[in-house]
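Coordinate analysis (summary)
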Amino acid sequence: MYGIIDCDNCYVSCERVFRPDLEGKPVVVLSNNDGCVVARSNEAKALGIKAGMPYFKLQEQFPDNKIAVFSSNYELYAELTGRIVEIIKQEAPAYFRYSIDECFVYLDGMEGIDLKAWGENLHRRIFKSVGMPVSIGIGPNKTLAKLASHFAKKHPGYRHCCMIDTDEKRIKALKLYPIEDVWGIGRRYTARLKEYGVNTAYDFAQHTQGWLRATFHNIVIKRTWRELNGDDCVPNEQLAAKKSICTSRSFPGMITDFDELRTHVSNYAARCAEKLRLQGSVASIVSIFLSTNPFREDLPQCWSFQEQRLITPTSSTTTIVQTAAALLQQVYRKDYQYKRAGVIVMGIGPKSPIQQDLFDHNAEQFQKMRRLDEVVDRINRLQGSETIVLGAQQYTSRDKDGNAVGKANVFANAIKHDHRSPNPTTRWSDIIRLK
Amino acid sequence: MSSRVTILNAGFETDLPLPLAPGIRAGFPSPAQDYLHDTLDFNKDMIHHREATFYARVDGDSMRDAGIVEGDIAVIDRSLDPRNGDIIVAYIDGEFTIKRLDTTHREEGYIELHPANPAYSTIRIDNPDEFRVWGVIIYTIHNWHNY
């Protein structure tokens with residue numbers, strides 16, 4: 001069985017941890033450069049505020065400051081969600097962090113335990129310890145676990161945990177589930193499926209495998225169909241596709257030697273760093289996984305995963321390689337013959353906070369930022385790609401209170417984040433005050 | 001048979017942690033070998049629920065007579081169930097406050113938060129079921145040196 005733990009309105013919930021007065025109130029979090037809405041509380045959703053709404057439109061529509069507005073504070077979000085992952089590590093035999101706000105767990109070996117009660121308890125523990133509400137879905141595979149988590153989120157009757165553990169529940173859930181929300185089915189396939197009269201997950205799952213093979217050639221769609229029908233066939237590392245960058249390989253033979261593994265892992269890490277730079281991103285979490293050959297049932301089996309949050313998001317090869325090597329040390333055991341390893345970087349954000357924002361309406365600022373980008377690109381091209389990294393790395397120059405100083409301060413001030421909340425978990429200057 | 005010599009570069013970029021356990025061959029036979037333990041570390045040894053632990057700074061002197069003064073650092077554990085007499089953090093009227101919890105009147109329908117300074121008044125909470133303790137103070141730290 002698999003579970004997925006999904007933070008409810010993650011960024012908003014993070015902002016509410018140190019602002020309990022905002023519970024039950026409309027709250028939004030803005031994208032980089034305060035461009036548009038990237039997170040909304042349920043109350044904000046109820047007011048009709050849509051994801052992606054430009055900030056200036058929000059200000060026009062709600063001029064009275066009834067809505068609490070925050071700039072993105074990834075430093076805070078990474079730290080608080082990291083605590084949730086720490087709890088999950090203690091409560092489940094194996095976990096796989098999928099994104100900043102979602103984490104899969106592998107629950108085999110927990111037969112005989114009331115998993116629904118386990119899930120409800122896990123929510124309670126996370127909510128008490130960290131102050132963040134989560135929704136938990138449990139199912140025979142990851143697609144169904146994710147499906148279950150949607151029900152847990154929408155209906156209070158589930159007490160934050162929904163489990164699909166019988167065929168009856170599976171079919172009931174599929175019938176209630178719109179096809180466009182199914183994990184693995186994007187907008188393009190939804191349109192096509194609707195032409196075939198498929199509106200729910202059930203409609204889709206009901207088709208024969210023959211029809212599926214004839215109609216679709218995409219492996220993700222086929223896997224999704226099989227999973228909706230109860231099979232477990234999405235490989236763990238495939239999860240990395242959307243919100244993270246993964247570099248992994250199977251080895252021609254099997255490897256037990258640490259140094260040999262480390263060479264491979266270092267290469268994957270370097271490749272991840274390259275990919276990050278190619279797409280102009282930085283990552284805040286580095287993770288590795290290691291697995292044995294599942295077909296060699298005569299040999300001891302394991303699938304290990306470990307992650308590390310970086311204090312400063314980066315695309316630097318050195319940092320990512322060093323972190324990956326340190327993680328390898330933590331998971332490596334000499335008794336296993338490893339067949340596959342990979343490095344996954346997550347918590348990906350734009351490299352330059354001074355970025356072209358689709359909804360940026362300030363032409364002058366846009367021009368300044370474009371010129372800056374061009375200069376940076378040129379210098380990086382001429383002198384090597386690590387010469388200048390704008391964005392998070394600019395902030396590494398700090399005084400003892402954690403404030404950006406000198407040149408870093410100039411860039412820090414050029415980015416709009418007028419509504420940034422403090423960082424009470426990562427900067428001594430920001431810790432909460434008790435009266 | 002020809003032999004090849006390959007020069008390998010030593011990598012110093014990562015540390016290999018040496019487990020401090022008996023039976024490890026150190027450079028010299030140390031009489032202390034059987035008595036090795038990790039150095040005392042406040043974070044590792046005194047904090048039991050790291051994922052639920054937060055820091056705060058005390059403002060004002062509402063808890064002065066309990067030995068907690070302005071500028072002290074408070075270490076908060078959110079995972080603990082607050083008991084009568086615990087020093088706790090609550091969020092009241094838009095601010096975090098540090099007070100001693102008094103649940104002796106719970107049966108009568110209210111609980112109280114006491115300051116430790118006659119200049120401050122006790123806070124009475126009339127709907128204790130809706131009241132949420134933000135966290136329990138496990139340590140306060142007074143800085144005598146000021147680095």
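Throughout what follows, the structure given in this document is the object of discussion.

Definitions and limits used
- Residues numbered from 1 in each chain as written.
- Chains lettered and ligands numbered in written order.
- Predicted model: local features only at pLDDT ≥ 70, side-chain atom pairs only at ≥ 80, totals over all residues.
- Heavy atoms only, no water.
- Helix = DSSP H or I, 4+ residues; strand = E, 2+ residues; numbered from the N terminus.
- Buried < 20%, exposed > 50% of the residue type's maximum accessible area, 1.4 Å probe, protein only.
- Contact = heavy atoms within 4.5 Å.
- Salt bridge = Lys/Arg side-chain N within 4 Å of Asp/Glu carboxyl O.
- Axes fitted to C-alpha atoms, helices over the stretch in contact; angles between N-to-C directions.
- Parallel < 35°, antiparallel > 145°, perpendicular 65-115°, else oblique.
- Nonpolar A, V, L, I, M, F, W, Y, C, P; charged D, E, K, R; others polar.
- Buried area = accessible area lost by both parts, 1.4 Å probe.
- Pairing = 2+ DSSP bridges.
- Core = buried A, V, L, I, M, F, W, Y, C linked by side-chain atoms within 4.5 Å.
- Patch = residues over 30% accessible without salt bridge, like charges linked within 9 Å, V, L, I, M, F, W, Y side chains within 5 Å.
- Areas by Shrake-Rupley, 256 points an atom, 1.4 Å probe, with all protein chains shown as cover.
- Disulfide = S-S within 2.5 Å.

**Remarks on the overall build of chain A**
Per the secondary structure count, chain A includes 15 helices and 13 strands. Burial status across chain A gives 51% buried among its 435 residues. Partitioning the intrachain contacts of chain A with sequence separation of at least 6 by distance along the chain shows that 67% fall at a separation of at least 24.

**Quick notes on the pattern of salt bridges**
All names here are of chain A. In total, this model carries 29 salt bridges over all chains according to the counting rule given. The salt bridge involving Glu274 is made with Arg271; its shortest N-O contact spans 3.1 Å. Of the two residues, Glu274 and Arg271 both sit in helix H12 (residues 258-278), three residues apart, roughly one turn of that helix. Judged by its relative accessible area of 38%, Glu274 falls in the partly exposed class. Among the salt bridges present, the one from Arg296 reaches Asp298, with a minimum N-O distance of 2.9 Å. Given a relative accessible area of 33%, Arg296 falls into the partly exposed group. We classify Asp298 as exposed; its relative accessible area is 55%. Where salt bridges share partners, they join Asp6, Asp8 and Lys153 into one cluster.

**Considerations on the packing of helix H1 (residues 10-17) of chain A against helix H4 (residues 74-91) of chain A**
All names here are of chain A. Between H1 and H4, whose axes approach to 10 Å, the crossing angle comes to 90°. By the criterion of interaxial angle, the relationship of H1 to H4 is roughly perpendicular. Where H1 approaches H4, its residues Cys10, Tyr11, Cys14, Glu15 and Val17 are matched on the opposing element by Tyr74, Leu76, Tyr77, Leu80 and Thr81. Here the contact of H1 with H4 is composed, by residue class, of eight nonpolar, one polar and one charged.

**Considerations on the interface of chain A and chain B**
Interfaces are often sized by the amount of accessible area the parts lose when they come together. The interface of chain A with chain B comprises 28 residues on the first partner and 33 residues on the second. When the two sides are added together, the surface that chain A and chain B hide from each other amounts to roughly 2,600 Å², 54% of it contributed by carbon and sulfur. Per-residue buried area on chain A facing chain B is highest for Lys128, Leu434 and Lys435 of chain A; these three make up 30% of the total on that side. Run the count over chain A and chain B and you get five salt bridges. One salt bridge in this structure joins Lys435 of chain A and Asp59 of chain B, with 3.9 Å as the shortest N-O distance.

**Digging into the sheet that holds strand E4 (residues 95-102) of chain B**
One open sheet accounts for eight strands, arranged E13(A)-E1(B)-E2(B)-E7(B)-E3(B)-E4(B)-E5(B)-E6(B); its pairing is mixed. Lying at the two open borders of the sheet, with one neighbouring strand each, are strand E13 (432-434) of chain A together with strand E6 (123-125) of chain B. Adjacent strand axes in the sheet meet at a mean angle of 45°, parallel and antiparallel pairs treated alike. Relative to strand E1 (residues 53-58) of chain B, E13 of chain A runs parallel, the two being bridged by three bridges. Along E1 of chain B, the bridge assignment pairs Ile432 of chain A with Ala56 of chain B.

**Overview of the nonpolar core**
Of all hydrophobic cores here, the largest spans 68 residues; its most connected members are Leu434 of chain A together with Trp134 of chain B. Counting residues per element, this core draws most heavily on H4 of chain A, at seven residues. Contact partners of Trp134 of chain B, with chain neighbours within four places excluded, come to Val17, Phe18, Pro20 and Ile432 of chain A together with Phe54, Ile76, Arg78, Val89, Ala90 and Phe96 of chain B. Formed by 29 residues, the second largest nonpolar core is a distinct cluster that contains Val265, Tyr268, Val331 and Tyr336 of chain A.

**Focus on a nonpolar patch on the surface**
Residues Phe42, Met46 and Ile141 of chain B make up a contiguous nonpolar surface patch of roughly 250 Å² in combined accessible area. You can see Phe42 of chain B is positioned in helix H1 (residues 42-46).

**Remarks on the state of the cysteines**
All names here are of chain A. Counted according to the given criterion, the structure contains zero disulfides over all chains. Free cysteine: Cys7, not disulfide-bonded; nearest cysteine sulfur from Cys10 at 4.2 Å. Cys246 forms no disulfide, and the closest cysteine sulfur to it belongs to Cys272, at a distance of 6.5 Å. Residue Cys246 is classed as partly exposed on the basis of its relative accessible area, which comes to 22%.

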